Amino acid sequence: MTTLEKQLLAAPNNRRYRVTVTAIVLLLLAWSLAAVSFKDMNESGWNIAVRILSGITHPDLDLLLNVSEQSVPYLLLQTVAIAFMGTIVGAVVSVPLAFLAASNIVPKPAAWLTRLLLIAIRTIPALVYGLMFIRVSGPGPFAGVLTVGITSIGMLTKLYVDAIEELDVRVLESMTSIGCTTFEKVRFGIIPQLLSLFLSVTIYRFDMNMREASILGLVGAGGIGAPLIFAMNSYKWNQVGSILIGLVILILLIEWISNKLRARLVQG
Amino acid sequence: MYDKIFPPKRIVLPSGKTVLQRRTRVPLIVLLLAAAVAWSVQLTEFNLHMLVTRIGEFFKFIGDMTPPRWDYLPHLWRALAATLQMSLLGSMLGSLLALPMAVAASTNIIRNRALVSLAKIVLSLLRTLPTLVTALIATFVFGLGPMAGVVAIMLFTVSYVGKLLYEQIENIDMGPFEAMESIGMTRLEAFRYAVIPQVLPSYLSTSLFCFEGNVRYASILGYVGAGGVGLLINENIGWRDYGGVGMIITALIVTVYVIETVSEHFRKKLI
Amino acid sequence: MIAFINVDKTYANGTAALSQINLKIGKGEFVAVIGLSGAGKSTLIRCINRMHDITGGQLNVDGIDVSKLRGKQVRRLRRRIGMIFQSFNLVTRTSVINNVLVSFAPDLPMWRKLTGIYTRDQKLKALEALEKVGILDKAFVRVDQLSGGQQQRVALARTLAQSPDIILADEPIASLDPVTSKMVMDDFKRINQDMNITVIMNIHHVEVALDYADRIIGVRKGAVVFDGPSGKVTQEILDYIYGGGGPNDEAAASLEEERSTHVR
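Scoring rules and cut-offs
- Positions within a chain are numbered from 1, following the residues in the order the chain's sequence is written.
- All chains are assigned letters beginning at A, and all ligands numbers beginning at 1, according to the order in which they are written.
- Totals for whole chains, interfaces and linings use every residue, but because this is a predicted model, local features are given only for residues with pLDDT of at least 70 and side-chain atom pairs only at 80 or more, for both listing and counting.
- Calculated side-chain values reflect all of the structure's heavy atoms, with hydrogen atoms and water omitted.
- Helical segments are the DSSP runs of H or I of at least four residues, strand segments are the runs of E of at least two, and each set is numbered from the N terminus.
- Using C-alpha atoms as the atom set, the radius of gyration is obtained and then compared with a globule rule of 2.2 Å times the number of residues to the power 0.38.
- Buried means the residue's accessible area, taken with a 1.4 Å probe over protein chains only, is under 20% of the maximum for its type, while exposed means over 50%, and partly exposed covers the values in between.
- In this analysis, two residues are considered to be in contact whenever any of their non-hydrogen atoms come within 4.5 Å of each other.
- The accessible surface values rely on the Shrake-Rupley method and a 1.4 Å probe; as for residues, cover is taken only from the protein chains in view.
- Note on charges: Lys and Arg go in the positive column, Asp and Glu in the negative column, and His and the chain ends are not counted at all.
- All charge positions are set by atom: Lys at NZ, Arg at CZ, Asp at CG, Glu at CD.
- Note: buried area is the sum, over both parts, of the accessible area (probe 1.4 Å) each one loses when the two are combined.
- What makes a salt bridge here is a side-chain nitrogen of Lys or Arg within 4 Å of a carboxyl oxygen of Asp or Glu, nothing more.
- As used in this structure description, the phrase polar contact means that two N or O atoms lie within 3.5 Å; if the pair is within protein, one of them must be able to donate a hydrogen and the other to accept it, and residues adjacent in sequence are counted only when both atoms belong to side chains.
- Definitions used throughout: a 1 Å grid over protein atoms alone; a cavity as a set of points that fits a 1.4 Å probe which cannot get out; a pocket as an open set with protein on both sides within 12 Å along at least five of seven lines; a lining residue as one with an atom within 4 Å of a point.
- Grid points are joined across faces, edges and corners, and a volume is the space filled by probe spheres set on the points.
- Residues are grouped as follows: Ala, Val, Leu, Ile, Met, Phe, Trp, Tyr, Cys and Pro are nonpolar; Asp, Glu, Lys and Arg are charged; every other residue, Gly included, is polar.
- Domain start and stop points were drawn from an automatic or database domain assignment.
- As used here, the term nonpolar core means buried Ala, Val, Leu, Ile, Met, Phe, Trp, Tyr and Cys residues forming a set that is joined through side-chain atoms within 4.5 Å.

Draft legend 1. Focus on the overall build of chain A. In terms of helices and strands, chain A carries 12 helices and 0 strands. Each helix and strand of chain A, ordered N terminal to C terminal, gives the series α-α-α-α-α-α-α-α-α-α-α-α. Taken over the C-alpha trace, chain A has a radius of gyration of 26 Å; the compact-globule value for 268 residues is 18 Å, which it surpasses by more than 25%. Seen through its principal axes, chain A has C-alpha atoms that stretch 70 × 65 × 35 Å. Within chain A, buried positions represent 46% of all 268 residues. Once local pairs closer than 6 in sequence are excluded, the contacts in chain A between residues at least 24 apart make up 72%. Here chain A displays about 14100 Å² of accessible surface, and carbon together with sulfur accounts for 68% of that area. Across chain A, the centroid of the 20 positively charged side chains sits 8 Å from that of the 15 negatively charged ones.

Draft legend 2. Structural context of the interface of chain A and chain C. Taken together, the contacts link 9 residues of chain A with 10 residues of chain C. Counting the surface lost from both chain A and chain C, the interface buries some 890 Å², and carbon and sulfur atoms represent 75% of this. Of all residues in chain A, Leu-4, Gln-7 and Leu-8 of chain A bury the most surface against chain C, accounting for 65% of the area lost on that side. Inspection of the chain A/chain C interface yields 0 salt bridges. Scanning the region where chain A abuts chain C turns up 0 residue pairs in polar contact (both at pLDDT 80 or more).

Draft legend 3. Structural context of the pattern of salt bridges. Considering all chains together, one arrives at 31 salt bridges over all chains under this definition. Ionic pairing is found between Arg-135 of chain A and Asp-64 of chain B, a salt bridge with its closest N-O pair at 3.5 Å. Of this pair, Arg-135 of chain A sits in helix α7 (residues 126-137) while Asp-64 of chain B sits in helix α3 (residues 48-65), placing the two residues on different chains. Taking relative accessible area as the criterion, Arg-135 of chain A reaches 21% and is therefore assigned partly exposed. Accessibility expressed as a relative area gives 32% for Asp-64 of chain B, which makes it partly exposed. The closest approach of N and O atoms between Asp-241 of chain B and Arg-69 of chain B, which form a salt bridge, is 2.7 Å. With Asp-241 of chain B in the loop between α10 (229-238) and α11 (242-270) and Arg-69 of chain B in the loop between α3 and α4 (77-104), the pair connects residues that are 172 residues apart, well separated along the chain. On the accessibility criterion, Asp-241 of chain B (17% relative accessible area) is buried. Relative accessible area serves as the criterion here: at 31%, Arg-69 of chain B is assigned to the partly exposed category.

Draft legend 4. Representation of empty space enclosed by the protein. Within this structure, the stated rule accounts for 2 cavities of 30 Å³ or more. What lines the largest cavity is Ile-119, Arg-122 and Thr-123 of chain A together with Arg-216, Ile-253, Val-256, Tyr-257 and Glu-260 of chain B. Of all elements in the fold, only α6 (108-123) of chain A together with α11 of chain B reach the threshold of two or more residues within the lining of the largest cavity. With 4 residues, the top contributor of residues to the lining of the largest cavity is α11 of chain B. Taken together, the residues of the lining of the largest cavity sort by class into 4 nonpolar, 1 polar and 3 charged. Its boundaries defined by the atoms lining it, the second largest cavity holds a volume of some 30 Å³. The wall of the second largest cavity is formed by Leu-127 and Val-128 of chain A together with Ser-219, Ile-220, Tyr-223, Gly-230 and Ile-233 of chain B. When contributions to the lining of the second largest cavity are tallied by element, the ones reaching two or more residues are α7 of chain A together with α9 (187-221) and α10 of chain B. Of the residues contributing to the lining of the second largest cavity, the split by class is 5 nonpolar, 2 polar and no charged.

Draft legend 5. Looking closely at the domain arrangement of chain B. Per the domain assignment, the segments making up chain B are domain 1 (2-46) and domain 2 (68-270). A separation of 43 Å is found between the C-alpha centroids of domain 1 of chain B and domain 2 of chain B.

Draft legend 6. Local environment of the nonpolar core. One finds Leu-127, Tyr-129, Phe-133 and Met-232 of chain A together with Leu-132 and Leu-221 of chain B to be the most contacted residues of the largest nonpolar core, which totals 111 residues. Those residues in contact with Phe-133 of chain A that sit more than four places away from it in its chain are Gly-138, Ala-143, Leu-146, Thr-147 and Ile-150 of chain A together with Ile-55 and Phe-58 of chain B. One finds Tyr-193 of chain B together with Leu-124, Ala-139 and Ile-167 of chain C within the second-largest nonpolar core, a separate group that totals 83 residues.

Draft legend 7. Local environment of the interface of chain B and chain A. Listed by partner, the interface residues are 65 residues for chain B and 66 residues for chain A. Interface area, chain B with chain A, both sides summed: about 5800 Å², of which 78% is carbon and sulfur. Inspection of the chain B/chain A interface yields 4 salt bridges. Counting the contacts that link chain B with chain A gives 10 residue pairs in polar contact (both at pLDDT 80 or more). For the side of chain B that touches chain A, the leading source of residues is α3 of chain B, giving 10 residues. A breakdown of the residues in the side of chain B that touches chain A according to their chemical character gives 47 nonpolar, 8 polar and 10 charged.

In structure tokens, the structure reads:
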């Protein structure tokens, strides 16, 4: 029994570490509970919740189905277009940035500097970009495109960099042995490796940008967001319902297509 | 379909054997993409000329924000704290709620097909709604203030963590689960002792990652009245106090950076 | 004592896995069940602890009709029957001792289940079980750092901690090399003899089965075709169990194989 007890005492003791982490988490939780308050939630809150639900179940079918410039289908199409163009703009900017941030392509300090720039770009909230670009292009979908573009840069670049840093360099070695020039190595050795990965990442980001584009209308940058806010602020819940239904269907559809496309890209 | 319109090309080798090569689809894809771009350019009023001539305004805006107005910092603490509180509480509650949701959505744990599909549908619907829209709806129900932000962030966290978690659970090795059942555990107990230890590290890691993102999201929720620094950004831009906006953004960058570093430290330990 | 009385087992998809099984296995026996893959070996032993339900006949464990048990009674039955798997079925991400301690979990109060904290007494018992299979020094190592043979012994320790009357082993050495197989089989033999625990084992390696088991049960196409002491097993009997002879047997074997993947 003595060897058993000795072994029992030999158990690694990380209780102090666990207790500390638990205590910190609990303290943070207690502190953040200050954000909870039901004092502003009066009866009208419940009424509105009920009315929102009934709005969603009784959508404004006319708005949902006609095809004028204020209708849901048109605005959704515009939202898709914003997300699409924004993704393209973001991808165009991200590709060179990714090569500048890849530590196996450029010297370490340059890569580090680019990464710092990327953190700064990523942290500024999308709505702030929206406001900034409205000063460039005036209110409208174009500002939305630019905003979606710049907010895509952070993630796109990061994932592109991952792809670049995982390049299989043995292929290049064998190409050198055949006698390929640098251009030929890039064209037949690097691009085929990167293209499908880059495309897959870009499609994924397009899918995410749909959500991004659908809120930019809030600051006047086009898309479905503006009429949604307008309908909410004027308590037209059945309009809100029809817009939300359209949006949800569209986003699910695009997510489905994007998953299908990416699965095919990966399988080749 | 495509193969029928453009039948595969026949190549006859000198040896007399034939090889069928499928026609490449690249031209079609390029054509479709070009059409989509052209249409989108029209729909979005894309204008490269305007972008080139007026992009100066964008940098002028950034110029206006620098240097940040440091004396504005003391006014910022409360809003910054509210932003953090919102994202902390929303992330914690959301991650906790995600656990039962993810279990309910896992085909290998729950035998009831209807419950599984219901949970999956709820999760994907929640994920579809943009956080800002849920926040806006929440302000109508819970009133203006951080509470609406907490609800919006919580709902987003449930959907995000819940989806990743059920994918994890569905892909685990069910061997230990079987062993636990053979020991005489209920399915729930077997889940606790066989599945939780397998998914816990990645669950915590996902929750932390989601929290990082939520801090960034929480900073704009104020724009629709859900508390935090977003409200100040909105006000300051209205008053054209760009130095103040610069200060807010600087403070946000520092906060986000610190939180990301801390969270990354713990996430590395978990894996 | 375990008694199979005219036991039938038909899967939901109509496959008949067991038909008319009649067996009596006494306390403390070491039984090896041999036969082709898909012959029904695995189903046979899984019926004993109700991991599978039988569809006909009667299966008694110590006089209790297993098929009549419900919910909690089934779990109480399983507490007395240990089970060892081909792929060890351990939680690889946590330590060896935690894997052994789960044996005590079903009887713990709620708060201990939630927090995963065990008593000192239980820890000592777990260590004792580890000592019996000779891997006490690995108690606080993570399971994924161990070799296959060591992992199977952790699984054995987990079963021992349950202090079972019967151990069911489903291909315990199928994923081990010959040397570690021998060590694990030695453990089984010792447990069987020293602690008088009944061992019922499915096994592919006929020579190993003949070396270690007291009694061999040959299963072919869901029926028991041989049942006797291991000394009485001859080459003809093995040929018959493994379907040698007739020209169609290979086809039948591959059909069985297919069927087994269907069933699993």
